[in-house]
Amino acid sequence: MITFTLNGEIRQFEGCEDTTLLYYLREIEGITSVKDGCTNQGTCGACLVELDGKAVLSCRTKMKKVNQSSVVTIEGFDPVLRETLGRAFVEKGAVQCGFCTPGFLSRTHILLKTHPNPTRDEIVKALSLNLCRCTGYVKIVDAIQRAAKAIHEKQSIELNQDPAIGSSFPKYDAYQRAIGAADFVADMRFENMVYGALKFSDYPRAEIIKIDCSVAEKLPGVIRVFKAEDIPGERITGHLIDDWPLMLKSGETTRYIGDVIAGVVAETEKIARVGASLISVEYKEQEPLTDLSIAETSPIKVHKKGNLLSETAFKRGEEIKKVLQSSDFVVNATYKTQRIEHGFLETEAAVALPWGEDGIRIYVQSQGIHEDRRLITRILNLPEDKVDVTLVPCGGAFGGKEDLTVQGHAALFAYHLKRPVMVHLSRDESLKMHPKRHPMILKYSLGCDKKGKLTGLKADIIGDTGAYASLGPAVLNRSAGHAAGAYYVPNVEVSARAIYTNNLPCGAMRGFGVNQVTFAMESAVDELCDMGGFDRWQFRYDNALQEGLRTTTGHILKGGVGLRETLLAVKDEFSKARFAGLAMGIKNIGFGNGLIDESEVKIIIRSENHIVLHHSWTEMGQGVDTVAIQILCRETGIDNPGIIDVQHTTTANIAGGTTTASRGTFLLGNSIIEAARQLKEDLKSAPLAKLVGKTYQAKWTCDWTTAPGEGDDVISHVAYGFATQLVILNEEGQIEKVVAAHDAGKIINPALLEGQIEGGVVMGLGYALTENLVQKNGLLKTTKFGKLGIPKIKQVPEIIVKIIEAKDPHGPYGAKGVGEIGLVPTAPAVANAFFAFDGQRRYELPIKKEEK
């Protein structure tokens, strides 16, 4: 018998003494404020609690260590203290996705007992066990100091209630997330719910000879084992191209280690996982294709049609060979970038349950509920009105939750069993299954004249899209379209190809192919400056895009171009720094390229104290729901934002695509403005109470962009964001400061905007220096979350954010999206800073610092 106190109350536990405290808290006590982010690896801190006054990771703490001890979770805090901590985090913008926040609050609670007025250094040291992928940590430190001050002065923190445009209005639902009171998908529980687990391939490339499920089927607690033959509809689907099987059949060949062979549903998750491990698969192993440099022409074919998935190619201006031959200075270099894991703290989960007559409702954390419904209806062979997909705001995504992972399997299992089924990936499984950032090989030839004006660019780019297409064609298309970065280059010739291999699939990740080409372009520009003796700041200023100039694709910019202003914002600090690196960035907003960007909203007046706002954009930490409320209040004059309830479900029957391409604020804002016009008019003659039952609906569409190479009047995207980042090193060659100057158009919410950029910068520093998801022969070198190189708080330098408001002519009030551009210029700015320090050029990521 293990006896202890939990939040001041005596508890007794008679189970296995090696049960983790995390399991006990979540599954026995139902305390889901403690989160499972790394599946007992002890690397993320989301499960941190207090044990006898000390901080412990509950995922690594066995129940035998809890005997005769005191355990405290957020629920056991003094209510006033809990409210103060939560509000401090909300006020300072320290809550983005919120998955990690309860762990940070628990650590703060312990810290303030011994350090009631902690310094920033003391806070950083205390938070060494906690990981955050969203915020960049800056605002977390700010929040802890704010909480300490409020506690010391016995103040109550009153949150800003002004939703005006330009106000740091608190993030929607942030307080509930801060204190762990808001459910993520894996926190949800339904009556009669059972659990699914997946059997993954043991090899990246092997013919499946036989699948034997007999032992698994006999395991007590197993309800059913599912195979490919149980799929009633289409087994092979995909985001852009139908090439990805939900499950493989005997006789087929696996393409990567994340291929699913079968699924097991059982009474508990533990039994389901044991059952999956008992499925025996006989393989005929084959040599995998894993080398990107030879994959395009390799005799090994990942798919029957060959290994070339897609190609984007275009020329503009004069013949590039002649242009470069006549240029005074030319850089010829090959750059390589690595595979990167998104590192969101919440691993993939979905809960599906019977809905209506022969229908399915599924709760997801994905970046596109309508895309999920499209694919699930095909898999189950159901009409759309039989499938409802409801979003549960997720614990980070960064592009990594655009493809189906567990949604299709959960829906399939629930469809057959007529019971609620949860499928939840472990951290190990998540690393194996979902698409990553594309590794690329980029061959660049960049020229300029003796006056320092760029003359021409030839770029040949190949990207490892892995086993399946995912968003590969679009990512490489975006790389091509941004190959010249934020520069005006009069003559370009670009080719970008996505190549299949037996590596992990690669798709969308924050920056969407632009990070890689920006590293190449900015590195080449810096080398040109070295060749010609040009001032690095002035060269960029002279060649920077501005109104009337053409982008890589030939798109003539016509408004909202604050790039030169971002350069001016960092000029003085660059001039003063001894060791500094510069890089500019451009990032599209919206799909563009001839595709339709659209957003539809529905506003329903339920009562004078309840307005439902339906939209289809995923809240994943960036604050899109908050921006939606601010814009609705601005347009209608509603002065009580608390009555607005934001919902995301396909039953609203409104158009919407995936939350990607930094387009959420831009498109959603415009659609809310359209929908609110009639509501605003009605409010002139009637109060809300008289409008109960009315619905206001509108769609905003951009359908005027052009595909690459289509006509002379090129409009590649509806808008662009621009940035300049400056990285400053100290005398030891360590990063001391990052200055991030961004043209974000009109600022809707300063705190959210700064948080996005700070988080982007830190993710960019990881991309530059430490992060690398290594595969060898198609297998992962490690599935340890702590070995991925994701930056922790002690690695974060000073970050200064400077905002330029060059209003976009199409954006809501002139606003632009900043979700991705925050890390677009970071890696090359780091590389260029190291060159300033030691004179060594870096052509590969992650870069290494040479001794001076």
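Before reading on, note that the structure itself is shown above.
Computed from a prediction, not measured in an experiment: that's the story for all the values here.

Calculation criteria
Residues take numbers from 1 onward in each chain, read along the sequence in its written order. In keeping with the model being predicted, local features are shown solely for residues with a pLDDT of at least 70 and side-chain atom pairs are shown and tallied solely at 80 or more, while totals for entire chains, interfaces and linings include all residues. In computing side-chain values, all of the structure's heavy atoms are included and hydrogens and water are not. The way it works is that DSSP assigns letters per residue, a run of H or I at least four long becomes a helix, a run of E at least two long becomes a strand, and they are numbered from the N terminus. For this measure, only C-alpha atoms enter the radius of gyration; the expected value for a globule follows 2.2 Å times N^0.38, where N is the number of residues. Working definition: with a 1.4 Å probe on protein chains only, accessible area under 20% of the residue-type maximum means buried, over 50% means exposed, and in between means partly exposed. Any two residues having at least one pair of non-hydrogen atoms within 4.5 Å are treated as being in contact. All accessible areas in this document rest on Shrake-Rupley with a 1.4 Å probe, and a residue is counted as covered only by the protein chains that are shown. Residues counted as positive are Lys and Arg, residues counted as negative are Asp and Glu, and His and the chain ends are not counted. To locate a charge, take atom NZ for lysine, CZ for arginine, CG for aspartate or CD for glutamate. The set of buried Ala, Val, Leu, Ile, Met, Phe, Trp, Tyr and Cys residues whose side-chain atoms join them within 4.5 Å is what this entry labels a nonpolar core. For salt bridges, the criterion is a side-chain nitrogen of Lys or Arg within 4 Å of an Asp or Glu carboxyl oxygen. Any two strands with at least two DSSP-identified bridges between them are counted as paired. Note on geometry: axes are lines fitted to C-alpha atoms, helical ones only across the stretch in contact, with angles between N-to-C directions running from 0 to 180 degrees. In the analysis that follows, any N or O atom pair within 3.5 Å is treated as a polar contact, provided that within protein one partner can donate a hydrogen and the other can accept it, and provided that, for residues neighboring in sequence, both atoms belong to side chains. Helices are assigned an expected span. That span is 1.5 Å times one less than the residue count. Angular relationships are summarised with four words: roughly parallel below 35 degrees, roughly antiparallel beyond 145, roughly perpendicular across 65 to 115, and oblique for the angles in between. Handedness of a crossing follows from how the near helix is turned relative to the far one, being left-handed for an anticlockwise turn of less than a right angle and right-handed for a clockwise one. Put simply, Ala, Val, Leu, Ile, Met, Phe, Trp, Tyr, Cys and Pro go in the nonpolar bin, Asp, Glu, Lys and Arg in the charged bin, and everything else, Gly too, in the polar bin. Patch membership needs two things, relative accessible area over 30% and no salt bridge, and members are linked within 9 Å if like-charged or within 5 Å if nonpolar (Val, Leu, Ile, Met, Phe, Trp, Tyr). The aromatic pairing rule takes the rings of Phe, Tyr and Trp, using the six-membered ring of Trp, and pairs them if the centres are within 6.5 Å, calling planes under 30 degrees apart stacked, those over 60 edge-to-face and the rest tilted.

Caption draft 1: Spotlight on the overall build of the chain. When its secondary structure is counted, the chain shows 21 helices and 31 strands. Here the C-alpha radius of gyration of the chain, 27 Å, is about what a compact globule of 852 residues would show, namely 29 Å. Along the first, second and third principal axes, the C-alpha set of the chain runs to 80 × 70 × 65 Å. With 852 residues in all, the chain has 65% of them scored as buried. When contacts within the chain are restricted to residue pairs at least 6 apart in sequence, those whose partners lie at least 24 apart make up 79%. Of the roughly 30,100 Å² of accessible surface on the chain, a fraction of 46% belongs to carbon and sulfur atoms. Within the chain, one finds 99 positive and 104 negative side-chain charges whose respective centroids are separated by 2 Å.

Caption draft 2: Here's a closer look at the nonpolar core. Tyr444, Leu457, Ile461 and Met521 are the most contacted members of the largest nonpolar core, which has 221 residues in total. Broken down by element, the residue count for this core peaks at nine residues, all from helix H15 (residues 514–532). Beyond its immediate stretch of four places on either side in the chain, isoleucine 461 contacts Met440, Ile441, Leu442, Tyr444, Leu476, Ser479, Ala483, Ser495, Ala496, Arg497 and Val517.

Caption draft 3: Representation of the pattern of salt bridges in the model. Counted according to the given criterion, the structure contains 50 salt bridges. Ionic pairing is found between arginine 87 and glutamate 158, a salt bridge with its closest N-O pair at 3.9 Å. Note that arginine 87 is positioned in helix H2 (residues 79–91) and glutamate 158 in the loop between helix H5 (138–152) and helix H6 (174–178), a separation of 71 residues in sequence. Under the relative-accessibility criterion, glutamate 158 is labelled exposed at 58%. Across the pair arginine 224 and aspartate 230 runs a salt bridge whose closest N-O atoms are separated by 3.1 Å.

Caption draft 4: Representation of the sheet that holds strand E25 (residues 644–647). Taken in spatial order, the four strands line up as E25-E24-E23-E26 in an open sheet, and their pairing is mixed. Only two strands of the sheet have a single partner each, and these edge strands are E25 and strand E26 (695–702). Across this sheet, the average inter-strand angle for adjacent strands is 20°, counted without regard to direction. Where strand E23 (residues 597–607) lies against E26, eight bridges are found, and the strand directions are antiparallel. By the bridge assignment for E26, isoleucine 604 is matched with threonine 695. Contacts from helix H18 (residues 624–636) reach E23, strand E24 (610–614) and E25 within the one sheet, and its direction differs from that of E25 by about 135°. The sheet strands contacting helix H19 (residues 664–683) are E23, E24 and E26, and the helix crosses E23 at an angle near 40°.

Caption draft 5: Looking closely at the side chain of histidine 555. The topology assignment puts histidine 555 in the loop between helix H16 (536–543) and helix H17 (563–576). One polar contact links histidine 555 to tyrosine 720, side chain to side chain, over a distance of 2.9 Å. Setting aside chain neighbours within four positions, we find histidine 555 in contact with Leu549, Arg550, Val714, Ile715, Ser716, His717 and Tyr720.

Caption draft 6: Representation of helix H3 (residues 101–114). For H3, with 14 residues, the first-to-last C-alpha span of 21 Å sits near the 20 Å given by 1.5 Å per residue. For H3, the tally of buried residues reaches twelve of 14 residues, placing the bulk of the element in the interior. Three or more residues of H3 are buried, namely Thr101, Pro102, Gly103, Phe104, Leu105, Ser106, Arg107, Thr108, His109, Ile110, Leu111 and Leu112. Its buried side turned inward, H3 meets strand E3 (48–51), strand E4 (54–57), H2, helix H4 (120–126), H5 and H6.

Caption draft 7: Structural view of the packing of H3 against H5. Following both chains from N to C, one finds H3 and H5 inclined at 45°, their axes separated by 11 Å at the closest point. One way to sum up the angle between H3 and H5 is to call them oblique. Crossing geometry of H3 relative to H5 is assigned as right-handed. For the pair H3 and H5, the contacting residues are Phe104, Thr108, Leu111 and Leu112 in the first and Ile140, Ile144, Ala148 and Ile151 in the second. Here the residues of the contact of H3 with H5 are counted per class, giving seven nonpolar, one polar and no charged.

Caption draft 8: Representation of a positive patch on the surface in the model. A surface patch of like charges, here positive, comprises Arg60, Lys62, Lys65 and Lys784. Here arginine 60 is to be found in the loop between E4 and strand E5 (70–72). We classify arginine 60 as exposed; its relative accessible area is 52%.

Caption draft 9: Inspection of the packing of aromatic side chains at higher detail. Applying the stated criterion across every chain, the model contains 19 aromatic pairs. Judged by centre distance (5.0 Å) and plane angle (80°), the rings of tyrosine 203 and tyrosine 283 are edge-to-face. With tyrosine 203 in the loop between strand E6 (194–200) and strand E7 (206–212) and tyrosine 283 in strand E12 (residues 280–285), this residue pair connects regions lying 80 residues apart in the sequence. The buried category is assigned to tyrosine 283, whose relative accessible area is 17%. Aromatic pair phenylalanine 579 and phenylalanine 837: ring centres 5.0 Å apart, planes at 80°, arrangement edge-to-face. Residue phenylalanine 579 is located in strand E22 (residues 579–589), and its partner phenylalanine 837 is located in helix H21 (residues 826–838); the two are separated by 258 residues in the primary sequence. Here phenylalanine 579 falls in the buried class, since its relative accessible area comes to 4%.

Caption draft 10: The environment of leucine 129, seen in detail. Among the structural elements, leucine 129 can be located in the loop between H4 and H5. C-alpha of leucine 129 to C-alpha of isoleucine 728: the two residues are 599 residues apart in sequence and 27 Å apart in space. Not counting the four nearest positions on each side in its chain, leucine 129 is found in contact with Thr43, Cys44, Gly45, Leu48 and Leu57.

Caption draft 11: Seen up close, helix H14 (residues 472–481). Summarising burial for H14: ten of the ten residues are buried, a large majority. Of all the residues in H14, the buried ones are Gly472, Pro473, Ala474, Val475, Leu476, Asn477, Arg478, Ser479, Ala480 and Gly481.

Caption draft 12: Just the sheet that holds strand E20 (residues 454–466), in detail. A sheet is described by the order of its strands in space; here five strands give the open sequence E13-E21-E20-E19-E14, paired in mixed fashion. Two strands bound the open sheet, and with one partner strand each, they are strand E13 (308–316) and strand E14 (329–337). Taking the axes of each pair of neighbouring strands and ignoring which way they run, one obtains an average angle of 5° across the sheet. Where strand E19 (residues 440–448) and E20 come together, nine bridges link them in antiparallel fashion.

Caption draft 13: Quick look at the environment of aspartate 358. Within the secondary structure, aspartate 358 sits in the loop between strand E15 (349–355) and strand E16 (359–364). A sequence separation of 57 residues divides aspartate 358 from tyrosine 415, and the C-alpha atoms of the two residues are 7.9 Å apart. Each residue touching aspartate 358, except ones within four places of it in the same chain, is listed here: Leu382, Lys386 and Lys418.

Caption draft 14: A nonpolar patch on the surface, seen in detail. A grouping of Val215, Val274 and Leu278 is seen on the molecular surface, where their side chains present a nonpolar patch of about 210 Å² in accessible area. In this fold, valine 215 is placed in helix H7 (residues 214–218). A residue is classified by how much of its surface remains accessible, and valine 215, at 47% relative accessible area, is partly exposed.

Caption draft 15: Seen up close, unusual backbone geometry. A cis amide bond links leucine 845 to the next residue, proline 846, at an omega of -5°. Mapped onto the fold, proline 846 is located in the segment after H21.

Caption draft 16: Structural view of the environment of leucine 476. Relative to the helices and strands, leucine 476 is located in helix H14. Between the alpha carbons of leucine 476 and threonine 253 there is a distance of 26 Å; along the sequence they are 223 residues apart. Among all residues touching leucine 476, those that are not within four sequence positions of it are His438, Met440, Ile461, Ile462, Gly463, Ala496, Arg497 and Ala498.

Caption draft 17: Expanded view of the side chain of serine 662. Looking at the element boundaries, serine 662 is found in the loop between E25 and H19. A polar atom in the side chain of serine 662 sits 2.8 Å from the side chain of glutamate 820. Not counting residues up to four positions away in its chain, the partners in contact with serine 662 are Lys587, Asn588, Ile589, Gly817, Gly819 and Glu820.

Caption draft 18: Representation of the pairing of E15 in the model. Most of E15 sits inside the fold, with five of its seven residues counted as buried. Two strands pair when backbone bridges link them, and E15 and strand E18 (residues 421–424) are joined in this way by four bridges, in the antiparallel orientation. The residue of E18 that forms the bridge with alanine 352 is valine 421. Two elements, E15 and E16, share five bridges in a ladder whose sense is antiparallel.

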